[in-house]
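# Fold and geometry: a report
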Amino acid sequence: MQLNVSQREIALKVVFYGPPLSGKTTNLQALHHLLNGQSCGRLMTLDTADDRTLFFDVLPVFFKTSNGFKIKIKLYTVPGQIMHASTRRLVLEGADGIAFIADSQREEAKANNEFWLSLKENLRANKLDENIPIVIQFNKRDMPNVRSDEEIEEVRKKGKELVYGAVAIRGEGVLETVEGLLSQVWEYLDKKHHIEQMVKITREDFLRRVFEGASKPREGLLANP
Amino acid sequence: MTTSTGDNMFTLQPGGSVLSRKPKLADLIDQASFRDLLKSFSELYGIGVKVFDQGGQKLVDFRAQTTEYCGLMFAHYETKVRCTKLVGEVKSCELDSPSPEAKQCFSGLRYRVGPIYLEGDFLGRIVYGPFRPETLLRAPGELQGLAPDMKQQQANDLLVQIRPIAERAIDAVVLHCQKVVDTVIFSGYKALVASQMHIESITAAYSDLEERNRTLSQANDKLREMDRLKSNFIATVSHELRTPLTSVIGYSEMLLEGLAGPLQNEQKDYVATIMEKGESLLQLITSILDLSKIESGTFKLARNPVDISLVAKASLTDVLPQARKKNLNLVSHFPEGGQLFLLDEEKLHRSITNLLGNAVKFTPEGGTVELKVQHFDGSLPKESGKGFDPFVPENNKWLLISVRDTGIGIPDDKLQKVFEPFFQVDSSSTREYGGTGLGLAIVRNFVEAHGGAVWATSELQKGSVFSIAVPFSCAITK
Ligand SMILES: Nc1nc2c(ncn2[C@@H]2O[C@H](COP(=O)(O)OP(=O)(O)OP(=O)(O)O)[C@@H](O)[C@H]2O)c(=O)[nH]1
Ligand SMILES: [Mg+2]
């Protein structure tokens, strides 16, 4: 979190982390389509010719509270390709919350696991609090040969992280994932830095402002018009 | 969390990532091209354009048509004061909404002020105008009250020279320009972030690699230390083995010489075998001891003035009995004049003896073994691994000792390996010719310790040449 008292600004950082091609960028694109254009800035993608993330994607979401405090949330994705390990660590720096985008396909279980471990390692390397909010999204629920709903229910029950299913290309589960995460981030930052007192809005208001006017997921959400 | 109280978040962490910095307008545009863009815009629509950054610094200033009319306002005290005040207001008013704001001047002209935002952060403003609205047909009457000596007619004349613009048209034009600038700014930001991230990523990858290198080199040091300890251990053990073994050999010799009473023939044979095997075991242990001394780094050269020809002759004497036994032809060549070199005599002696011993061993009955010692000036064959030094001529002068045999030869792919410890050209050669496989490894170490090189060339069934080169710089100049 970056706080600028004299300018009455607060900036939160959320990072979408996960194995190669799990749909991190797609999540951000969907979010960009679904969120209200008033509070959501341009989506910046820094990728290669074949649509692989090179450095990161970033989507800024911002609004002003009624007493004039500017709240900005920057949502980043990391590049999933193995060779970009150092960039992933760079992008993670100073994160306030993490959405771990896992690929539901069975053959991706190992990649999910490796990236989960690398996330933990990077958090340590960046000296981030180990209690930083993390939610897990099982993306690509529409694909054949994915982990079953029962298996995901297991994860939800056993782990301490919130778990969401999603079909990011249609926008399904994307808002839920982000809402779940932001809710935890707000609570976490309030516990740590008492931001509610500083900014003078409640968590409910915060979430309402971010998501007001958001549209519904739909087939062909990301298809070019 | 980073907290800052100044007016810029990133002044507090100048070294921080581009991701945590807020850029300034000037960082995001190429000023000259940005000016060109707005100039063509200003000329196309005939309105003035000014751009100010967040701190009020003017980056662009184009005027149009209104200069003379505004000049008239500036020529009278009260209107000048008002004009200055309005310009200040236009330059610094709060701009809360992203849509452009209209400002009315007492002269009847108007302004539009459009903010420049990036990710919701205010970066600066574009001031459009002043322009003459279509509805303004003559200078406002209140000017008379502000500046009584201003001539109404002159004001009107100057005003009508300005091309009027409809409000709807100006709104569309301003909106368009705002969008163009927004795109330019975003592209600039993207380029800035991409290039900065490039640098940051490479720097991060570099420090990752450095870190990894450090761990590897620590592991390497540890291994090396363990290797040294191992060699030390072997050196100690070999030494401890040698002492009792010399007794075994010594007592066998005494038995054989009949010092403990006469032996029967069969007994003599047995004791002779004990002695012979003991000798070769002793040789093996000595070699291992040498090698482990080399590996543990505890061996040192004892350099003294040496006449290499004398050393080589001594080596020839060493192998003479075996050569005679096989009826070999021993040939030797030595250089003129007894040039002295600073060398470790004992180690050189053993090295040459070793090469000669091998040559004798692998040359069949009636063959020839040739020893040649010479001063050599030029580039050594590439097998030596010593490149030619084009810049320091002295580095190309060598003392060269070569041993040629007419033996079975060594296949090309084995020529390098013969100098590795325990290597045998093929396992049958050990059985046929004996030996530990350590001799050449020791020779190599001895020679390299002198800064020299040792190598072999060979032709199968015809024979091999083993060469030792020692830098001529070891020569003692009188
Ligand atoms: N069927 C299906 N495909 C998806 C879904 N989400 C993403 N994809 C596809 O998966 C591929 C990779 O998606 P990206 O969003 O680029 O993945 P990423 O995690 O950003 O990839 P990297 O940045 O290279 O690590 C694309 O072809 C997407 O269309 C989904 O929910 N269902
Ligand atoms: Mg991506």
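These numbers come from a predicted model, not from an experiment. (Residues numbered from 1 in each chain as written. Chains lettered and ligands numbered in written order. Predicted model: local features only at pLDDT ≥ 70, side-chain atom pairs only at ≥ 80, totals over all residues. Heavy atoms only, no water.)

## Overview of the overall build of chain A
The condition that has to hold: Numbering of helices and strands runs from the N terminus, with a helix taken as a DSSP run of H or I at least four residues long and a strand as a DSSP run of E at least two residues long. Radius of gyration: C-alpha atoms only; globule rule: 2.2 Å multiplied by the number of residues to the exponent 0.38. Throughout, exposure labels follow a simple rule: accessible area from a 1.4 Å probe, protein chains only, divided by the maximum for the residue type, with under 20% read as buried, over 50% as exposed, and the rest as partly exposed. In this description, contact between two residues means that some pair of their heavy atoms is separated by no more than 4.5 Å. Surface accessibility follows the Shrake-Rupley procedure with a 1.4 Å probe radius. Residue values consider only the protein chains on display as shielding. In this charge count, Lys and Arg are treated as positive and Asp and Glu as negative; neither His nor the chain ends contribute. Here the site of a charge means NZ on Lys, CZ on Arg, CG on Asp, or CD on Glu.
The secondary structure content of chain A amounts to seven helices and eight strands. Rg of the C-alpha trace for chain A: 17 Å, near the compact-globule value of 17 Å for 225 residues, within the 12% margin. Across its three principal directions, the C-alpha atoms of chain A cover 50 × 45 × 40 Å. The burial tally for chain A puts 56% of its 225 residues in the buried class. Here the contacts in chain A between residues at least 6 apart in sequence split such that 70% fall between residues at least 24 apart. A total of about 10,200 Å² of accessible surface is found on chain A, and carbon and sulfur atoms cover 50% of it. Both charge centroids of chain A, one from 32 positive and one from 31 negative side chains, sit 5 Å from each other.

## With respect to the domain arrangement of chain B
Rule in force here: Domains are outlined according to an automatic or database domain assignment.
Examined at the domain level, chain B breaks down into domain 1 (21-197), domain 2 (217-296) and domain 3 (304-474). With centres defined by C-alpha atoms, the gap from domain 1 of chain B to domain 2 of chain B works out at 100 Å.

## What to know about the site of ligand 1
Residues and elements named next belong to chain A. Just so we agree on the cut-off: The rule for a residue being near a molecule or strand is that one of its heavy atoms must lie within 4 Å of it. Residues adjacent in sequence count toward polar contacts only when both atoms are side-chain atoms; beyond that, a polar contact is any pair of N or O atoms within 3.5 Å, and within protein one must be able to donate a hydrogen and the other to accept it.
Looking at ligand 1, there are 17 residues lining it, with Lys24, Thr25, Thr26, Arg52 and Thr53 nearest. Contacts to ligand 1 include Leu21, whose backbone N or O atom sits 3.2 Å from an oxygen atom. Gly80 has a polar backbone atom sitting 2.8 Å from an oxygen atom of ligand 1. Calculation on ligand 1 without its partners gives an accessible area of 650 Å², and the protein chains cover 81% of this total. The leading source of residues in the shell around ligand 1 is helix 1 (residues 24-34), at three residues.

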